[in-house]
Amino acid sequence: MKKLLKDQFAKYIPLPENNYELDLSAEYHDYFKEKSYFQKICQNLSLEQLFTMFKTDKAQIYYRVVYSHRQKRFVRSIVEGHNYGGTYEKIFQKNRKNIKKIIEIGSLEGGSTAAFHFYFLNAKIHCLDISFDRNKIVSRRITKHYVDQSDEEQLKSFINNKLIKNDLDIVIDDGSHKANDILITFKNLFPKIKKNGWYVIEDLSKSWNKDVLKFLNNKKNTILPKNVNNKIGRIFSKRSEKSWSKNNKQNYVYFIQKK
Ligand SMILES: C[S@@+](CC[C@H](N)C(=O)[O-])C[C@H]1O[C@@H](n2cnc3c(N)ncnc32)[C@H](O)[C@@H]1O
């Protein structure tokens, strides 16, 4: 089984095996330098391949250091992720070159930011997080902003700093995953999306995010203002069908289009 998984994983990795250990720090490699060798390779990969390569849990399968209870130590392992790549590609593949502005809430080590950076080649990405200690990515197309999504004042002052008009193509909320934060962030950032742009909410849980799911599944019940609610267009959702998702409650992703 382990060999089977490793072989599967190897298919996704475009780099030689001894490069697996590369972290995302610009100090150690040149992924993010314009016209680098890596740039050329990365530009031709699917979003799913990029998710796998940059080790984000949006991938179907990815490499990670995890704690082994059996061995009582950290081990290098291959783990299953949320498998969101296919759904992202279905929605964005045709239009990927026209995506100019993205906001990503929650970037952690920058794995997903890196994947989006190489998939949406003409996009500027604004990362919002409460900490960038582990995120060492440097690119002229990526900007990091210290914003706590639970604090409406911080969200408002970020929006008012003139970087953001009504010109967002995509907003991805992969931040705190708390229901109240998700709703506050949606209320403030959804109006800033362009017509036909998309708002993505990841890792929703039936038990922890009841209010959010209620609002997404029955817009009339929303606690959001009418002007925000009326602009909600098509909604796509996907439930992770992977084995671990039976135990892991955060298994829904929602894509909401602006009218
Ligand atoms: C699940 S991780 C993001 C993973 C990343 N998007 C990826 O796919 O690799 C969640 C991130 O949300 C950030 N976060 C947690 N609470 C937050 C808040 N209130 N406001 C903004 N970011 C928050 C954490 O610091 C962390 O970096």
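Just so we're clear, the structure is a prediction, and the values are computed from it rather than from any experiment.

J.: Honestly, the overall build of the protein in this entry has me stumped. Any pointers?
T.: From N to C terminus, the protein includes nine helices and nine strands. Burial statistics for the protein: of 259 residues in total, 35% are counted as buried. Nonlocal contacts in the protein, meaning residues at least 24 apart in sequence, comprise 62% of its contacts between residues at least 6 apart.

J.: Is there a simple way to think about the site of the ligand in this case?
T.: Close to the ligand lie 20 residues; T56, G106, L108, S112 and S176 are nearest. Taken together, the elements giving at least two residues each to the shell around the ligand come down to α5 (111-119) and β4 (124-129). In the shell around the ligand, the residues fall into four nonpolar, ten polar and six charged.

J.: Can you help me understand the pairing of strand β1 (residues 61-68) in this one?
T.: For a regular strand, side chains alternate in direction, first toward one face of the sheet and then toward the other. Two strands pair when backbone bridges link them, and β1 and strand β2 (residues 73-80) are joined in this way by eight bridges, in the antiparallel orientation. Looking across to β2, one finds that Y62 is bridged to V79. Hairpin connection between β1 and β2: a loop of four residues separates the two successive antiparallel strands, and K72 in this loop has a positive phi of roughly 55 degrees.

Basis of the calculations
Residues numbered from 1 in each chain as written. Predicted model: local features only at pLDDT ≥ 70, side-chain atom pairs only at ≥ 80, totals over all residues. Helix = DSSP H or I, 4+ residues; strand = E, 2+ residues; numbered from the N terminus. Buried ≥ 20, exposed ≤ 12 C-beta atoms within 10 Å, placed from the backbone. Contact = placed C-beta atoms within 7 Å. Near = placed C-beta within 6 Å. Nonpolar A, V, L, I, M, F, W, Y, C, P; charged D, E, K, R; others polar. Pairing = 2+ DSSP bridges.

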